[in-house]
Amino acid sequence: VVPDLGRTLHHSDVRVKRAAVRALAKIGGTAAERELAAALHENEAATQTEILQSLVTMRARGAVFDIGAILKERRAELPVRILAADAIGQLGSADGLPYLSEVLRRRGRIGGEPAELRIAAADALNASSADGAREIVASVLESEPRGTVRDLILKSLQRARPRAES
């Protein structure tokens, strides 16, 4: 069933693809996660959004590399990239930290990331349960020039819930 649904993720009708995403998420398991992660790169924004939400619901930590690739893909739509950052944070995998860190650190008018995406990366790092995530935000904050983005990164760090001591 999973391979058949995986092929349906490439259907020309968006409604069919989105139904396949929901079915794979309901089935769950590693094979379904792999099908969804692979389809992330080959779909339009609406289906990518549904896939990202499903991968988070499935707690698909193995999909972090594919989600990270979408996050770094500058041609992807900004709302999808923001959702990818959020997904990485929610999954809490240390494998996602380099993707979030790279986006958060990439500032500037030429070659920089949009402020909204950088803030989403900071929020995702602060929400992540991965060791070292908040330290990345604190490090970036030290070198961030004064201004709105720095203020929003600081607010993100301040509103992050304290982690329970292990």
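Bear in mind that the values here come from a model prediction, so they are computed numbers and not experimental data.

> Is there a simple way to think about the side chain of T47 in this case?
Residue position: T47 is located in helix α4 (residues 45-57). Contacts of T47, omitting those with residues within four sequence positions, involve V14, K17, R18 and V21.

> Would you take a moment to explain unusual backbone geometry for this structure?
Among all residues save glycine, negative phi is the norm, and among peptide bonds the norm is trans. The backbone of R59 shows a phi angle near 55°, a positive value even though the residue is not glycine. Inspection of the secondary structure puts R59 in the loop between α4 and α5 (64-72).

> Would you mind going over the pattern of salt bridges with me for this structure?
Pairing between side chains of opposite charge can happen when the charged atoms of each approach one another. Going through the model one piece at a time under the given rule, you end up with 14 salt bridges. A salt bridge links D4 to R7, with the nearest nitrogen and oxygen atoms 2.1 Å apart. Placement of the pair is D4 and R7 together in helix α1 (residues 2-8), with a separation of three residues, close to one helical turn. Of the residues examined, D4 reaches a relative accessible area of 44% and is grouped as partly exposed. R7 gets classed as exposed once you look at its relative accessible area, which sits at 54%. The partner of R15 in a salt bridge is D13, and the shortest N-O contact between them spans 2.8 Å.

> Hey, could you run me through the environment of L40 in this one?
Looking at the secondary structure, you find L40 in the loop between α3 (30-39) and α4. The class of L40 is buried, set by a relative accessible area of 0%. Linking L40 and G92, residues 52 residues apart in sequence, is a C-alpha distance of 19 Å. Contact partners of L40, with chain neighbours within four places excluded, come to Q48, I51, L52, L55, D66, I67 and I70.

Procedures and definitions
- Residues numbered from 1 in each chain as written.
- Predicted model: local features only at pLDDT ≥ 70, side-chain atom pairs only at ≥ 80, totals over all residues.
- Heavy atoms only, no water.
- Helix = DSSP H or I, 4+ residues; strand = E, 2+ residues; numbered from the N terminus.
- Contact = heavy atoms within 4.5 Å.
- Salt bridge = Lys/Arg side-chain N within 4 Å of Asp/Glu carboxyl O.
- Buried < 20%, exposed > 50% of the residue type's maximum accessible area, 1.4 Å probe, protein only.

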